[in-house]
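Here's the letter readout for the chains.
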Amino acid sequence: MPMYDMNKILPGLIIFAGLMTFPIWYNSGNAGAVPKPEKPTNAKECVRPTDYMRTSHMVLLNEYRDAVVRDGERGAIKDAGGVEYDEKSLMLGCMKCHVSAKKFCDECHTYAAVKPYCWECHIQPKETN
Amino acid sequence: MDSNRRKFLKLAGLGAIAGVAAPSAFNSLLKGEAIASSGGHAESAGHGGHAAAAPTGKQYGLVIDVKQFADTPGLGEHCIRACHSLHNVPDFGNKKDEIKWIWIEKYENAFPEHSNYKRNADLHKMPIVTLCNHCSKPPCVRACPTKATFKNKDGIVMMDFHRCIGCRFCMAACPYGARSFNWRDPRGKNEIGKPFISRINPDFPTRTRGVVEKCNFCSERLAKGLQPACVEAAGGAMIFGDLNDPGSEINKVLSEKFTIQRKPSLGTNPSLFYIL
Amino acid sequence: MLEKALKGSLLYKGWMAFLLLLIGVGVLCYGQQYQYGLGYTGMSRDVSWGLYISQFTFLVGVAAGGLMLVLPYYIHDYKAFGRITILGEFMAIGAVAMCLMFILADLGQPIRALNVMLHPTPNSMLFWDMIVLNVYLILNVLCGWVVLHSHYKGVKYPKWIKPFIYLSIPWAISIHTVTAFLYCGLPGRHFWLTAILAPRFLASAFAAGPSLLMIIAMVLKRTTKFDIGRTAQDKLVTIIGYAAMLNFFFVACEVFVAYYSNLPGHMHTLDYLFFGLEHDGHVYNNLVPFMRFSMAAGLIAIPLLFLSRAKQCDGMLVAACALLFVSLWIDKGLGLVLGGFVPNMMNQVTEYYPSLGEICITIGVWSAGFFILSLLYKIAITVTLENEA
């Protein structure tokens, strides 16, 4: 079966594929600056191991959210190392150690190009500098 | 709630769509309440009230002594300030966008079903403090399509701002006008640069535009063993407690004083009682 | 078959371009609303549903009205409706599409819309409404397309589609019943709290949907070679006429119950809609002219409808259907939803005036619906005419 207008379709396809893959080859071999989230100074361990927190903190946050808002279980939580934290709370828990959203949260979120909407309602701690 | 249970509930819900769980869905329709609902007063509600269900779990409630509010000018406003500043309730300065958790209503507006014919002159001037009734059979909870509003284990009608889609069905359903909608960004500023929330309380979140909000009976304070902010500010003019606990102070007051509720004939079993 | 929609007369292309323009304006305004929040509209704390939900409610009726065009052909084998059945199914598609767009436009958090499925809540009528509307949309797309495609191929539609066609008939009833249940199950809203709401919704739907179809059919008769036929036209008059009479009978029942019982809660909204409601020394009556016009137009339309048949006058028929459609649109698309919020739960009155942007979005959604409708009708009519040629 003959194909019509090959001389138009083929270059068109090539241009399309080139444009679509532009970000990949433009950035190839360059992973960008690796994010360096600021570590808290007042605690050594988080409520879960670092590996888990790095990949799944959002799952944990959702679980805490449902526990607090829906089940009224705000209670104290213990970390892997036995350190006790007061409250399942972003503002009154997490951010008491991770004092800067800019230097902690945004560091990776910007790198990964995700935009969580936490701070549309919850209030970021005041940035100190 | 752990994620397994949540997954199970999701699946169960999908099952309901498929008709597998139709009988249970039908059952909950018949009962006319969310599955999570736990309330139920000991009292029967007014002339239209049904025989009350046996009390299960807590049902926090409030007795409001209107006379004390009438005798102490500014007390109601004081309570409103305490609540609204604590919960970052914005003030847009107009009626269209208005958000309020607790407010003052005239007698005939708060109790439109009570006769206003030949009423007592004092009654007319009485400031009726109104807020969410935390009904034990709340129509708003029945209406919500996502369980974003629900009865929690303390009998409080809660809002889950993360889940609310902003359909405002609950606002149509609430017979007490207790619900407000974020018509615009509550963190915004007016034309002359004045922020709608004059001083943000860093310990409580604000809301975002597009969700419904209302009084939460200070569930965040109750968790710390404190009384709701309005009750604390009212200094004795409001009595807070568990209606399902026979020994509670609120039940003692309710058994001694004559109280009325707003629109008891609707069968919602409001948890707010007024001494006039 | 789709390619039929791409070719057409200048009139067709001009009409589609005009609709696209209106859709564009609507999209731009929606962008603004999305940025600002729903305060962009005229809705308020007291009148928390406005044009969007009222249009949604009315259009569910138009969608359900398609039933009256489908049922005689498939159930009673009424051959004269052969040509309009497909139009009825496609009208339902356009109308349900508009309904879904209006719901989305009305959500404060449209991105979270799927929470309704993620957290299924059988005690909420809105949850059921979501189910019945989407299923009805799928049923009509399926039945309409399969039947038309068979027509295109010059064969009778396959047997397996029959159960879906039969299912779509009670399903049409269900969409408007559940939509009525959104309103009539709320304990504090006296105007809506009436068991007759679902029957009334259905009666007005069975008048409004076929009226719209009749107007479109008459336009097609003038502009194309497509003619639904005199028999079908005359039978439709009967359907529309009786449904409209039933609707006004139900309205009369509401009026009787409210005023004879003398219950304030039941009278207030009717007072507001037809006479104006006094509150704090001010009379609120912004819907009165609309509602009076609606009532008059509807009551004139019914005799006019039957007269047009006696005189066999298409012009009069279109006028009667247009009057009736506008009458029912005002009654349900304005009065029912907006009136239910007056007075509010504290017996205070807040009136609602839609904002310009809100009106533009509303027109945009209607245009999008008519765009879909025009596309589908173009295909259906081309196929039918080619088949006969």
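Keep in mind the model is a prediction, meaning the values are calculated, not measured.

Enquirer: Any chance you could explain the overall build of chain B here in plain terms?
Expert: Along its length, chain B carries eleven helices and nine strands. In chain B, which comprises 276 residues, the proportion classed as buried is 58%. A fraction of 65% describes how many contacts in chain B between residues 6 or more apart in sequence connect residues 24 or more apart. In the structure as shown, chain B presents an accessible area of about 11,800 Å², 56% of it carried by carbon and sulfur atoms.

Enquirer: So what exactly am I meant to see when it comes to unusual backbone geometry here?
Expert: Backbone phi values are negative for most residues with the exception of glycine, while trans is the configuration of most peptide bonds. Omega for the bond connecting Val342(C) with Pro343(C) falls within 30 degrees of zero, at -5°, which places this linkage in the cis form. Residue position: Pro343(C) is located in the loop between helix H12 (314-339) and helix H13 (356-388). Although it is not a glycine, His134(B) adopts a positive phi angle of roughly 40°. Even without glycine at this site, Asn269(B) takes up a positive phi of about 55°. Here Asn269(B) shows up in the loop between helix H11 (249-256) and strand S9 (272-275).

Enquirer: Before we go on, may I ask you to explain the pattern of salt bridges in this structure?
Expert: Should the charged atoms of two oppositely charged side chains come close, the side chains can pair. Using the criterion set out here, one finds 18 salt bridges over all chains in the structure. Lys95(B) is the salt-bridge partner of Asp46(C), the closest N and O atoms lying 3.1 Å from each other. Of this pair, Asp46(C) sits in the loop between helix H1 (10-36) and helix H2 (51-65) while Lys95(B) sits in the loop between helix H4 (75-86) and strand S2 (102-105), each in a different chain. A salt bridge links Lys4(C) to Glu386(C), with the nearest nitrogen and oxygen atoms 3.1 Å apart. Pair noted here: Lys4(C) is in the segment before H1 and Glu386(C) is in helix H13, with a separation of 382 residues, a long-range link. Lys4(C) sits in the buried class, given a relative accessible area of 12%.

Enquirer: Please explain helix H6 (residues 125-153) of chain C as it appears in this structure.
Expert: Count 3.6 residues to each turn of an α-helix, and residues three or four apart come out pointing the same way. Residues and elements named next belong to chain C. When the terminal C-alpha atoms of H6 are compared, their 42 Å separation across 29 residues agrees well with the 42 Å that a helix rising 1.5 Å per residue should span. Structurally, the start of H6 carries an N-cap: the backbone nitrogen of leucine 126 is 3.3 Å from a side-chain oxygen of serine 124. Positive phi appears at glycine 154, one or two residues downstream of H6, with a value of about 80°.

Enquirer: Can you help me understand the pairing of strand S1 (residues 60-65) of chain B in this one?
Expert: Here is the key point about a regular strand: its side chains alternate between the two faces of the sheet. All names here are of chain B. Taken across its six residues, S1 has six buried, putting it largely inside the fold. With burial as the criterion, each face of S1 is covered, one bearing Tyr60, Leu62 and Ile64 and the other bearing Gly61, Val63 and Asp65. Where S1 lies against strand S8 (residues 238-242), five bridges are found, and the strand directions are antiparallel. Counterpart to isoleucine 64 in the pairing with S8 is methionine 238. Direction of pairing for S1 relative to S9: parallel, over a ladder of four bridges. Across the sheet, the residue bridging to leucine 62 is leucine 272, located in S9.

Enquirer: Looking at this structure, how should I read a nonpolar patch on the surface?
Expert: Residues and elements named next belong to chain A. A cluster of nonpolar side chains, contributed by Met3, Met6, Ile9, Leu10, Leu13 and Ile14, occupies part of the molecular surface with about 580 Å² of accessible area. Along the chain, isoleucine 14 turns up in helix H1 (residues 6-20). Overall, isoleucine 14 belongs to the exposed group, its relative accessible area being 58%.

Enquirer: Help me understand helix H9 (residues 230-261) of chain C in this model?
Expert: Its 32 residues give H9(C) an end-to-end C-alpha distance of 47 Å, which sits within 8% of 46 Å, the value for a rise of 1.5 Å per residue. Downstream of H9(C) by a residue or two, Asn262(C) has a phi angle that is positive, lying close to 65°.

What counts as what
- Residues numbered from 1 in each chain as written.
- Chains lettered and ligands numbered in written order.
- Predicted model: local features only at pLDDT ≥ 70, side-chain atom pairs only at ≥ 80, totals over all residues.
- Heavy atoms only, no water.
- Helix = DSSP H or I, 4+ residues; strand = E, 2+ residues; numbered from the N terminus.
- Buried < 20%, exposed > 50% of the residue type's maximum accessible area, 1.4 Å probe, protein only.
- Contact = heavy atoms within 4.5 Å.
- Areas by Shrake-Rupley, 256 points an atom, 1.4 Å probe, with all protein chains shown as cover.
- Salt bridge = Lys/Arg side-chain N within 4 Å of Asp/Glu carboxyl O.
- Expected span 1.5 Å × (residues − 1).
- Polar contact = N/O pair within 3.5 Å; in protein donor to acceptor, adjacent residues only side chain to side chain.
- Pairing = 2+ DSSP bridges.
- Patch = residues over 30% accessible without salt bridge, like charges linked within 9 Å, V, L, I, M, F, W, Y side chains within 5 Å.

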